Each structure stands twice: as C-alpha cells, then as structure tokens.
Amino acid sequence: MRKVPVGATIAHGYGFLIRRALTILGLSWLPAIFYAAAAGFWIEKLSSALLLAPHNGSINDFQLGDVAGFAVVTALTSALLGVALTHDAAERSSRGVAAYFVIAIRERKLFVARLEAYALSLIAILIAAIVVRGGVPLLLSAIGERVWRGVPAETYVIVSLCLIAFLALATVGVRFDFFSGPQVVAEEHAKLSRNWNLSRGNFWRLLIVELFLLAPFLIVLAAVAWAIGQSGFRD
C-alpha cells in the first residue's frame, strides 16, 4: 500500500467533522444514548462485584462476565457508528439524518471484527502485564538503585515498560482494526489479515493520524472523568 499522507488525512478528518457536524450528530446521538445506558449498566454491575470481592485484587466469574458485557456493548456501538460514519464519508451526500440505529449485515460483520481485535488486545495486555511485572525487578537488580537527574532508576524502568505495553496495544489497534470500517463499507467484509496487509508500511503514519483524530475525544473524556472524580471527592 502506498504511503498515507499524514497531514492531509488529519485535515480531511477534521474537515469532515466540521462540514458534516449535523449529520454526524444525527447518526450518533441514538447509538450514544444506547451505549451510555448499556455501558452504565455493566459498569454498575462491575462496581458492585468489586465491592463484594473477598479481597483486593481478586477476580471472579461475575467480574469477568461484567467486563465481557461491557466489551460486547462497546464493540456493538463502535460497529454501528463505524459503518454509519464511514458510509457517510464515502458517499459524500448532502442529505441530513435525524436519527440512526441500524443493525444489518455490515454492522454484524464489523461487530465480529471488533470483538476479534478486542481479543487480540486482551492478549497483548496480558503479555505486557507479565513483562512489566517480571521485567521491573530484573532490570532494577541489574541497574541498581541509581538516580539520574534526580529521578530514580525505577521510574525510568516502569515508564519504558509502559511505553512498550502502549506500543503493543497500538500495534493491535492500527494493524488489525484501523481499516475495518472501510473494509465493511467498500468490500462488505472485515478480515484481520486484510487489515494487516492494508496497514503494511504505514504503522507510524496511521498511529499519528489516529492519535490526532482521537485527541479531542480523549481530552473531553479526561475532563469529564476529572470533573466526576472531583465531585466524588467533595462528596
């Protein structure tokens, strides 16, 4: 695949957001309400399960079921929005949409592809957790209790291993999921192998594009989480 133009892709993405703001709102608000209700249900169940855990750090079947339910709801909502928004971007029509909530063949195929990507992400998280847990003591024993520029060696080791874990998750997201939406809309299928081939030679470019396009959403999400947390602390 030829090189993806990073600047032009980011500009096109934000241009689409501005030009089609009302249509995007029409396509998104109903799935967003569904996701808020369904995700809130599973998060509340998970919170209750954690409170009833026999001791801190334990994981039981109820907690795993709640996490799986949350993942399924997230995959389904992202499939609904992925197909709708990608189709609108590709069609470039001027029609408006007041509300949208469709679960058809393309949505189901993208839903399955997202679940497969989530499974790979879970494997990457488990491997990263094992590496971090086992790597920190080994590296610290080799380096010793050194301090560089006023920062302990342990901090550098943990940050480095966390960056490795982030790259592992980013690899799964970019190489196996980035083109799932366009695949379903253009080719009516979403295969992990096809994603891998389409993203070959463009990992860093696609990662930069994804980070820049997700930045506003992550900032808003962080602000909301901070506000809720501050309110909870005050209560």
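See the structure shown above.
Draft legend 1. Quick look at the overall build of the chain. A tally of helices and strands in the chain yields eight helices and two strands. Its helices and strands taken in sequence order, the chain reads α-α-α-α-β-β-α-α-α-α from the N to the C terminus. When burial is assessed residue by residue, the chain has 30% of its 235 residues classed as buried. A separation threshold of at least 6 residues defines the contact pool for the chain, and within that pool the share at least 24 residues apart is 73%. Of the accessible surface of the chain, which amounts to about 15000 Å², a share of 71% is contributed by carbon and sulfur atoms.

Draft legend 2. A look at unusual backbone geometry. Positive phi, normally seen in glycine, also occurs at E188, with a value near 60°. Within the fold, E188 resides in the loop between α6 (180–187) and α7 (192–198). Residue E188 is classed as partly exposed on the basis of its relative accessible area, which comes to 45%.

Draft legend 3. Quick look at the pattern of salt bridges. Summed over all chains, the structure comprises five salt bridges. R106 is paired through a salt bridge with E188; the nearest N and O atoms lie 3.2 Å apart. Within this pair, whereas R106 is found in helix α4 (residues 105–143), its partner E188 is found in the loop between α6 and α7, the two being separated by 82 residues in sequence. Close ionic contact of R114 with D177 constitutes a salt bridge, the shortest N to O distance being 2.8 Å. Placement of R114 in helix α4 and of D177 in helix α5 (residues 153–177) is noted, with a sequence separation of 63 residues between them. Residues R114 and D177 agree in their burial class; the two are buried.

Draft legend 4. How the structure looks around helix α2 (residues 21–51). Where α2 bends most, the angle comes to about 35°, and this point is S28, followed within four residues by the proline P31. The complete set of buried residues in α2 reads T23, I24, G26, L27, S28, P31, A38, A39 and A49.

Draft legend 5. Seen up close, the packing of aromatic side chains. Taken as a whole and judged by the stated rule, the model has six aromatic pairs. Measuring from ring centre to ring centre gives 5.1 Å for F178 and F179, while their planes differ by 70°; the resulting arrangement is edge-to-face. The exposure class of F178 is partly exposed, given its relative accessible area of 24%. Classification of F179 as buried rests on a relative accessible area of 12%. Summarising the aromatic geometry, the rings of F203 and W204 are spaced 5.0 Å apart at their centres and angled 75° between planes, so their arrangement reads as edge-to-face. Relative accessible area serves as the criterion here: at 15%, F203 is assigned to the buried category. Here W204 falls in the exposed class, since its relative accessible area comes to 56%. For the cation-ring pair, R175 lies above W196, with the distance from its terminal atom to the ring centre recorded as 3.7 Å.

Cut-offs and rules
Residues numbered from 1 in each chain as written. Predicted model: local features only at pLDDT ≥ 70, side-chain atom pairs only at ≥ 80, totals over all residues. Heavy atoms only, no water. Helix = DSSP H or I, 4+ residues; strand = E, 2+ residues; numbered from the N terminus. Buried < 20%, exposed > 50% of the residue type's maximum accessible area, 1.4 Å probe, protein only. Contact = heavy atoms within 4.5 Å. Areas by Shrake-Rupley, 256 points an atom, 1.4 Å probe, with all protein chains shown as cover. Salt bridge = Lys/Arg side-chain N within 4 Å of Asp/Glu carboxyl O. Bend = angle between axes of the 7 residues up to and from the residue. Phe/Tyr/Trp six-rings, centres within 6.5 Å; stacked < 30°, edge-to-face > 60°. Lys NZ or Arg CZ within 6 Å of the ring centre and 35° of its normal.

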